[in-house]
Each structure stands twice: as C-alpha cells, then as structure tokens.
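As a plain string of letters, each chain reads:
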Amino acid sequence: MSTPKAIVTGSGIAGIAAAIRLAIQGYSVTVYEKNSYPGGKISLVEKDGYRFDSGPSLFTEPWLIEELFWLADEPMESYFSYEPVPNSCRYFFTNGKIVDAWTDREKLLQEFEQQLGEPREVLSSYLEKAGKIYENIGEVFFDRPMYRSAWLNKKILKAVASFRPGLVYYTLNEFNEQQLTTGEAIQIFNRYATYNGSSPYSAPAMLSMISAIELDTGVFYPAGGMISIANALYELAVKKGVRFEFNRNVSRIIHTGSQTKGVVLDGKNIFSDIVVSDADVYFTYRDLLDRKREAAALTRKEPGSSAVIFYWGIKKEFPQLQLHNVLFSAEYKAEFNHIFTLKKTYKDPTVYINITSKMEEGHAPPGKENWFVMINVPAIGTSAEWEKEIPYIRQQVLKKLRGMLKEDVEPLIETEQVSHPGILERDTNSFRGAIYGMSSNTRRGAFRRHPNSVSGLPGVYFCGGTVHPGGGIPLCLKSAEIVGTLVKKRTADH
Ligand SMILES: Cc1cc2nc3c(=O)[nH]c(=O)nc-3n(C[C@H](O)[C@H](O)[C@H](O)COP(=O)(O)OP(=O)(O)OC[C@H]3O[C@@H](n4cnc5c(N)ncnc54)[C@H](O)[C@@H]3O)c2cc1C
C-alpha cells in the first residue's frame, strides 16, 4: 500500500502539531505556509538590540508539548526547555493596591488576604470550585471532537448539570460576585474571560476554570521566549520527516463533495488524501472551500477581542514590574462595554505588560527592558483606521502608566514598533484580527466552536485557535490531537 499523503495549510502551532501527529501516524506530510517562517501568531520582533515575542506571552500546560516529543520518541531537552514562574502575574489597581498571584496556593491565599482583605477560606473555596469545574467539565470538553449535530454534547451537558447548572446560566462576573468578597479579587478573576477573547459580563461562569489551569497547574517560561515553542515543534516536525514550504499561499482545497483531492497552489493542483486547515475557519470556508454561505454564517458570530500592542525598548529597569503585569482600568465593565457593544477603544484601558528581559539576558541591552504592552480592542476596522487611532491609544496608555507607575515612560522609549488588528489580520490571516476566533460571550458560543471535521467534507480537517476546542496555545495543541484521533478513526474505517 502506498504511503498516504496529508497537506497542512498553515504552520501555526496547531498546524505544526497536527503535522507531527500525522507523520507519526504514517502520513507523508507537507505543510504550506504563506509566510516566510513557521509559528503564525507565535513570532518575533527584533529591533535595535531588543527582542520581543510578538504574540502570546503566557505559557501554560507545557506537558502538551512534552507529549509530542514523547510520541515522536525524541528527547525534548535537545530541543526545548522551560521553567516554572512562581508569580503568575502582578496586578496593579487604580486605588494603589498591588497584589501578586502566586501559583503556590498557601502564598496566594496569604497575599490576597494581606493585600486585598479577601478572606483566605473564601478564595480557597473559589479555587477549589474552579479546579473541580476544570476536572469535571474541562476534560470532557477539551479532549473530544464536537459535532455540529450535538452543540451541547450529552456528556458535556451531564457534566455541567452534575456539577452546577449556574455555570452556564450565570456570567463569569455574576459567579465571581457571588463567590468572592472584594472588588479587586472579582476583577482579577473576571480577567480570565479575556484569555479567550471574551467579556466576563457576558461569558458563562464556566470560564472560571481558566483560573484553575493557571493557578493550580502553573505558569511557565520557555527558555528563549515563546518563539522557542514554535521553533522546537518545527524542528521536531522536520525530524519526523514533515516537509515545510514557506511563502506558499494555498488558494483552494480541491474537494468533490465526497472526496478530498488536495490543494491548489500557484495555479497547480497538488494531490493528497487528506487536507488539514490551520487557517482561520472563516477564510478556510470563504477562500479555500469557496463556500460563501458557511463563511457568511461565520461573520454573523461575534468575534473575540483583538489587541493593540506596543513593543517598546525601555532604557531603564523597573524593579516594581515582573514578567507578567496587569494595570487595571477603574471601570472594568465600561471597558468591556466599549470593546464588545460600542466597538470602540476605551479611554482608560487595562494595560498588560510582559517583560522577558526579567527572565533572561539578551532580550534587552544591559540595564534596559523589552516591554510588550498590550490592550484589548474590538476586532473591527481597517489598517488605515487603526493607524489613525494609534497616536490617541498611545497617549492613553502612556497616561495610564504615568498614573499607576508614577513615572513618565515616554522619554524612556528608545525604540518602538506597533501592532493592531489590521496587522494581525494581514500577517496571520485572522478574520478581523481576532486573537482567538469567535468570542465565548454567549452560552452557546462558549461551547459551539466549529468542529474539527464536518460530515459534508470528508478528508478535510480543521485545527487551530478558531475551531474547537478554542484559542490559546494549549487548546490549539488539543485541536491537533483531536484531528490526529479523527484521522486515525478514518484510516481504521477505510
Ligand atoms: C497578541 C496575542 C497574544 C496572545 N497571547 C496568548 C498567550 O499569552 N497565551 C496563549 O496560549 N495564547 C495566546 N495567544 C493566542 C495564540 O497565539 C493562538 O491561539 C495560537 O498561536 C494560534 O495558532 P493557530 O494554530 O490557530 O495558527 P495561527 O497562529 O493563527 O497561524 C495560522 C497560520 O496559517 C497561515 N495561513 C493562513 N492561511 C493560509 C493559506 N491560505 N496558505 C498558507 N498559509 C496560510 C498563516 O500565515 C499563519 O502562519 C495570543 C495571540 C496573540 C495574537
């Protein structure tokens, strides 16, 4: 029997992980990537002696990477290493309070009680509940394919109901207000809705499980920064025989309705037995499958948030800042109302600052720091519209930093690069520049992402942050695992 062929469209983290899995399963795999580098949203900005991870900065669930090396029978330590980060984030409030979210439970309870007045037994009980939600629901939901015919798969419904129906009916903010006592703790635990581009005032309470993933299982730092996750998996894929072709834009998936034949590349047909699309699901339908009706249906779903990011080389060290820092807005609800309802940037945005030069040398010149400064914004607008708005946003962010860090940061910026939704859309083919695909701002939306395969398109598979189970590196890796399982099943059935 000849070796079956697989084509993967896009070398985002899920595309690379799917390619590794398929190569291990005996496929001859080729990945076509429109950019000149692997990794998609995980990439690098290098400027004037500074280096910045351009997209993701928070690394959780490293065992999902380890698993790929284990499956490939390759020693991970030859490719990749990481270390735990004891302080998951330092939070700054407009009332002057500052709190560290330690991943050590005892330290966390003590810190929140001392700095915020959040009773330890209250927080302890909250975290226990969040952990149980992850255990009871997360595993059922994240590790399985979702089929269109069962938007609420019976097993999931049972898991949710067996635990607490309110997890679907209450919003995350309502749940947090019921469970926690201080405004600051509520704001911290509300923020987890942004981890999949959603609003805590609309997304279901189930999202509280994200805090368990972060605070129970830990936060990690990959040596070399986030880019090394993509680079390590790329090298592993090459080692397993996957071929990568860069600067290759797939224009069509060839499909007869009952059979997949391959893809069209530079006007030529390239044949394969299966095609895995790691491209944004909207563009996969609109361009690659030429299914305008399905693409139009996706545009009616609410996109998750996007981001404006300033990559600033700062000619000074700020000992009061950590690897991950959040400077909260005073009116969190108003901020989300602007992002999701008014579709506007908010005048007092919550600012996230990531500084990898705190972790290793070489990311900034000595005595200086590489600041990745991000605010959430609506996923709308053209590049030209964003370019016009950037000077206003920049001033608002600088004003926020001046107010909260008690220092004028502007004169300390010695190099700068900016990203916005238009750039994200252009560079990674992300519809409207949404970071995580569609939002989870409805009960259905939280569960019902596009499945990893559909019955009308046998041989076509979907992976990545815009499909089930969701955005973010860990869920993208899970989407690749689900694709691997579905392909295995298809091989067994044939
Ligand atoms: C600013 C920002 C911050 C984030 N923060 C975090 C974080 O802290 N932690 C975390 O876990 N996650 C975070 N994420 C999310 C995470 O980066 C993504 O969910 C994940 O990297 C998406 O991977 P993917 O496999 O879906 O592919 P993508 O990274 O979206 O890549 C898709 C690839 O497909 C290619 N492609 C598309 N169409 C074609 C075509 N027709 N032909 C050829 N190639 C094509 C694109 O060029 C791209 O390289 C963040 C993302 C951003 C942008």
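Heads up: the structure comes first, above all this text.
Just so it is clear, the structure is predicted and the values come from calculations on it, not from any experiment. (Residues numbered from 1 in each chain as written. Predicted model: local features only at pLDDT ≥ 70, side-chain atom pairs only at ≥ 80, totals over all residues.)

## Re the overall build of the protein chain
The condition that has to hold: Segments assigned H or I by DSSP are reported as helices when at least four residues long, segments assigned E as strands when at least two residues long, and all are numbered from the N terminus. Every radius of gyration here is taken over C-alpha atoms, with the globule rule written as 2.2 Å times N^0.38, N being the number of residues. Exposure classification rests on a simple neighbour count of other C-beta atoms within 10 Å of a residue's own: a residue reaching 20 or more is buried, one at 12 or fewer is exposed, and one in between is partly exposed. C-beta atoms are placed from the backbone. It is the C-beta atoms, placed from the backbone, that decide contacts: two residues are in contact if theirs lie within 7 Å.
From N to C terminus, the protein chain includes 17 helices and 19 strands. Its C-alpha atoms give the protein chain a radius of gyration of 22 Å, near enough to 23 Å, the size a compact globule of 494 residues would have. Across its three principal axes, the protein chain shows a C-alpha extent of roughly 65 × 55 × 45 Å. For the protein chain, the residues scored as buried account for 50% of the 494 residues in total. Long-range contacts, defined here as pairs at least 24 residues apart, represent 70% of the contacts in the protein chain between residues at least 6 apart.

## Considerations on the nonpolar core
The criterion, for reference: In this description, a nonpolar core means buried residues of the types Ala, Val, Leu, Ile, Met, Phe, Trp, Tyr and Cys, linked to one another by C-beta atoms lying within 7 Å.
Formed by 131 residues in total, the largest nonpolar core has its most connected members in Ile 13, Ala 19 and Leu 233. When residues of this core are assigned to their parent elements, the largest contribution, 9 residues, is made by helix α1 (residues 13-24). Contacts of Leu 233, omitting those with residues within four sequence positions, involve Ile 13, Ile 16, Ala 17, Ile 20 and Leu 68.

## Details of the sheet that holds strand β14 (residues 306-314)
Counted only if it meets this: Any two strands with at least two DSSP bridges between them are considered paired. Lines fitted to C-alpha atoms define the axes here, with helix axes fitted over just the stretch in contact, and angles between the N-to-C directions of these axes take values from 0 to 180 degrees.
Taking strand neighbours across the sheet as the criterion, the 7 strands line up as β7-β6-β15-β16-β17-β14-β18 in an open arrangement whose pairing is mixed. Of all the strands in the sheet, the pair left with one neighbour each is β7 (98-102) and β18 (413-419). On average, each strand axis in the sheet is tilted by 20° relative to the strand beside it, whichever way the strands run. In this sheet, strand β17 (residues 369-377) lies alongside strand β16 (residues 351-354) in antiparallel orientation, the contact comprising 3 bridges. From the neighbouring strand, Asn 354 faces β17, where its bridge partner is Phe 372.

## A closer look at the site of the ligand
Put simply, the rule reads: Contact assignment follows one rule, namely that a residue is near a molecule or strand if its backbone-placed C-beta atom lies within 6 Å of it. Just so you know the grouping, Ala, Val, Leu, Ile, Met, Phe, Trp, Tyr, Cys and Pro go in nonpolar, Asp, Glu, Lys and Arg go in charged, and all remaining residues, Gly too, go in polar.
The local shell around the ligand holds 37 residues, among which Gly 10, Gly 12, Gly 40, Pro 56 and Gly 464 are the closest. For the shell around the ligand, the secondary structure elements donating two or more residues are α1, β14, α15 (421-428) and α17 (473-493). The greatest single-element share of the shell around the ligand, amounting to 3 residues, is contributed by α1. Classifying every residue of the shell around the ligand gives 16 nonpolar, 17 polar and 4 charged.

## Here's the deal with the packing of α1 against helix α2 (residues 63-72)
Under the convention used in this document: Just so you know how the angles are binned, under 35 degrees is roughly parallel, over 145 roughly antiparallel, 65 to 115 roughly perpendicular, and the rest oblique. In this scheme, a crossing is called left-handed if the near helix is turned counterclockwise away from the far one by less than a right angle; it is called right-handed if the turn is clockwise.
Between α1 and α2, the shortest axis-to-axis distance is 10 Å and the interhelical angle comes to 25°. By the angle class used here, α1 and α2 are roughly parallel. Considering how the two elements wind past one another, α1 and α2 form a crossing that is left-handed. For the pair α1 and α2, contact is made by Ala 17, Ile 20 and Ile 24 and by Leu 68, Leu 71 and Ala 72, respectively. In the contact of α1 with α2, the residues fall into 6 nonpolar, no polar and no charged.

## Some thoughts on unusual backbone geometry
A cis geometry characterises the amide bond from His 468 onward to Pro 469, with omega recorded as 0°. Mapped onto the elements of the fold, Pro 469 is located in the loop between β19 (460-462) and α17. A positive phi angle, near 60°, is found at Arg 432, a position not held by glycine. Assignment of secondary structure puts Arg 432 in the loop between α15 and α16 (443-447).

## Points about the environment of Arg 426
As for its position among the elements, Arg 426 is in helix α15. Given 11 C-beta atoms within a 10 Å radius, Arg 426 is considered exposed. C-alpha of Arg 426 to C-alpha of Lys 107: the two residues are 319 residues apart in sequence and 43 Å apart in space.

## Structural notes on the sheet that holds strand β10 (residues 250-255)
Read from one edge of the open sheet, 3 strands run β10-β11-β12, paired in antiparallel fashion. This sheet does not close on itself; its edge strands, each paired only once, are β10 and β12 (268-271). Between one strand axis and the next, the sheet turns through 30° on average, direction left out of account. By the bridge criterion, 5 bridges tie β10 to strand β11 (residues 260-265) in an arrangement that is antiparallel. Bridge assignment links His 255 to a residue of β11, and that residue is Thr 260.

## A word on the pairing of β16
Here β16 shows a buried face lined by Val 351 and Ile 353 and a second buried face lined by Tyr 352 and Asn 354. Here 4 bridges tie strand β15 (residues 324-327) to β16, and the two strands are oriented antiparallel to one another. In the strand pairing of β16, Val 326 is matched with Tyr 352.

## Overview of helix α10 (residues 227-239)
Formally: Take the residue count of a helix, subtract one, and multiply by 1.5 Å to get its expected span.
The end-to-end C-alpha separation of α10 is 18 Å, in line with the 18 Å expected for 13 residues at 1.5 Å each. Counting buried residues in α10 gives 10 out of 13 residues, a clear majority hidden from the surface. Among the residues of α10, Ile 227, Ser 228, Ile 229, Ala 230, Asn 231, Ala 232, Leu 233, Tyr 234, Leu 236 and Ala 237 are the ones counted as buried. Positive backbone phi, at 95°, marks Gly 241, one or two positions downstream of α10.

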